[in-house]
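Given next are the chains, with one letter for each unit.
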Amino acid sequence: MNVQHFAENDDRGGAVNGETSLLLPVGGAPYWTQAEIDSPGGAPLAPWARASLKAFRQVVSNPDFPCTFATTSEQQEQLVYAFVETTYEAKDITVIRKAIIKYLDALDGMPQKKADYHVLVIFVSPVPGYSLAHYAEMTQKLLQSLHESDVAPWPAEVPTDEDDPHWSFAFAGRALFVNVSTPANIARHSRNLGPSMTLMISPRDVFDRVAGPTDKGRKVRSIIRARTEAFDKGLAFAPWSSFAYGQGAVGTERSQYILSDDNETPIKLSIQQCPFK
């Protein structure tokens, strides 16, 4: 496997026990495929990236993990992985931008059944002690930065009023769902995927197909809800996560991206200052 080597002191890699460790594959590719990571010898990932990936896989491969789609995606090697040091430095935002664009381009060439399980996973280097409020702020600022750097028009079918039930974050002309998990989610185990802040990104329309406002979709959501409550050891399913897209109250969609550890107050991300195009 070809890899891109970085200087010893570069913050994207370095020498660890005589081996080169890094975050990006060769040629400036913004993410690793599962096949690259699992190739003979394995990807020479930076230690924090390797530890975060290992923890993530342990959680999503747990047969009790509520999101069976994530489990199936991992089993079918349909996950692609990006690793960044921060959510705010220009070089890291560039990696995330490129990763989303490449990911969406790849989806366009896939059969629908395969594309539905193809998910972009982004890990952020762990910083011990961050609160859930801090992670929410990081998420909000990242989405803001991505939007401000987006060269594609905001999709005409997506409202710009983020309290509209049909609002969704969009990038590169596509409505997206952004699932954020953090190590600060202590009670809500289903949103803690290891030591890294972890973003799982997929097109909004995937959820519409598999869990939309249909009999089949309602059954899927009911099963996931029950599995989530069991996995979270009694913490009730977040009430603002109980609806199909466009069916909830105002602000429902943006309240699902990052979840609090109780069901009293939703975390409503706000990017109202976005220069919507």
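Residues numbered from 1 in each chain as written. Predicted model: local features only at pLDDT ≥ 70, side-chain atom pairs only at ≥ 80, totals over all residues. Heavy atoms only, no water.

## Some thoughts on the overall build of the chain
We apply this condition: Numbering of helices and strands runs from the N terminus, with a helix taken as a DSSP run of H or I at least four residues long and a strand as a DSSP run of E at least two residues long. Relative accessibility thresholds used throughout: buried, under 20% of the residue-type maximum; exposed, over 50%; partly exposed, between the two (1.4 Å probe, protein chains only). Contacts are residue-level and defined by heavy atoms, with any inter-residue pair within 4.5 Å sufficient. All accessible areas in this document rest on Shrake-Rupley with a 1.4 Å probe, and a residue is counted as covered only by the protein chains that are shown.
Check the secondary structure of the chain and you find 8 helices and 8 strands. A buried classification covers 51% of the 277 residues belonging to the chain. Look at the contacts in the chain between residues 6 or more apart in sequence, and 64% of them connect residues 24 or more apart. Carbon and sulfur atoms form 53% of the exposed surface of the chain, whose accessible area is close to 12,600 Å².

## Let's talk about the nonpolar core
Selection criterion: Buried Ala, Val, Leu, Ile, Met, Phe, Trp, Tyr and Cys residues that are joined via side-chain atoms within 4.5 Å together make up what is termed a nonpolar core.
Judged by nonpolar contacts, the single largest core of 43 residues is most densely connected at I100, L120 and L146. Among the elements of the structure, β4 (79–84), α4 (90–108), β5 (119–124), α6 (132–148), β6 (169–171), β7 (174–181) and β8 (197–203) are those that each provide at least two residues to this core. The element contributing the most residues to this core is α4, with 8 residues. Those residues in contact with I100 that lie beyond four places of it in its chain are L120, L146, F171, L176 and I201. Grouped together as the second largest cluster of nonpolar side chains are 24 residues, F56, F65, L193 and M200 included.

## Regarding the sheet that holds β4
Definition in use: A pair of strands counts as paired when DSSP detects no fewer than two bridges linking them. Axes here refer to lines fitted to C-alpha atoms; in helices the fit is confined to the stretch in contact. Angles between the N-to-C directions go from 0 to 180 degrees.
In space, the 6 strands of this open sheet follow the order β3-β4-β5-β8-β7-β6, with mixed pairing throughout. Either end of the sheet is taken by a strand with one partner, and the two such strands are β3 (32–33) and β6. The sheet contact formed by β6 and β7 spans 3 bridges and is antiparallel. The residue bridging F171 from the neighbouring strand is R174, located in β7. In the packing of helix α2 (residues 47–60) onto the sheet, contacts are made with β4, β5 and β8, and the angle to β4 comes to roughly 140°.

## Side note on the packing of aromatic side chains
Filter applied, for reference: To pair, rings of Phe, Tyr and Trp, with the six-membered ring standing in for Trp, must have centres within 6.5 Å; the planes then decide the type, stacked if under 30 degrees apart, edge-to-face if over 60, and tilted in the middle. Whether a charge sits over a ring depends on NZ of Lys or CZ of Arg being within 6 Å of the ring centre and within 35 degrees of the ring normal.
Tallied over the entire structure, the rule returns 10 aromatic pairs. A ring pair is formed by W48 and F83, whose centres lie 6.1 Å apart and whose planes are at 75°; its orientation type is edge-to-face. One end of the pair, W48, is in helix α2; the other, F83, is in strand β4, with 35 residues separating them in the sequence. Comparing W48 with F83 shows no difference in burial state: the two are buried. Members of the aromatic cluster, connected to one another through ring pairs, are W48, F56, Y81, F83 and F123. Over the ring of Y31 we find K102; its NZ or CZ atom is 4.8 Å from the centre of that ring.

## Comments concerning the pairing of β8
Along any regular strand, the residues point their side chains to alternate faces of the sheet. With 7 of its 7 residues buried, β8 lies for the most part within the structure. Two elements, β5 and β8, share 5 bridges in a ladder whose sense is antiparallel. From the neighbouring strand, L120 faces β8, where its bridge partner is I201. Where β7 meets β8, 6 bridges bridge the pair, whose relative direction is antiparallel. Across the sheet, V178 pairs through a bridge with I201, a residue of β8.

## A few points about the side chain of S260
As a reminder, the rule being used: Pairs of N or O atoms are called polar contacts if they sit within 3.5 Å, as long as, within protein, a hydrogen donor faces a hydrogen acceptor (for residues adjacent in sequence, only side-chain-to-side-chain pairs).
Here S260 shows up in the segment after α8 (215–231). Here D262 takes part through its backbone oxygen, which lies 2.7 Å from a polar atom of the side chain of S260. Excluding anything up to four places from it in sequence, S260 contacts L132, N185, R188, W240, T265 and I267.

## Some remarks on the pattern of salt bridges
Heads up, the condition is: The salt bridge criterion pairs a side-chain nitrogen of Lys or Arg with a carboxyl oxygen of Asp or Glu, the two atoms within 4 Å.
All told, the structure shown has 8 salt bridges when counted by the stated rule. When the shortest N-O distance is used, the salt bridge between R57 and D38 registers 3.0 Å. Placement of the pair is R57 in helix α2 and D38 in the loop between α1 (34–37) and α2, with a sequence separation of 19 residues. With a relative accessible area of 18%, R57 lands in the buried category. Taking the shortest distance from any N to any O, the salt bridge between R225 and E229 comes out at 3.7 Å.

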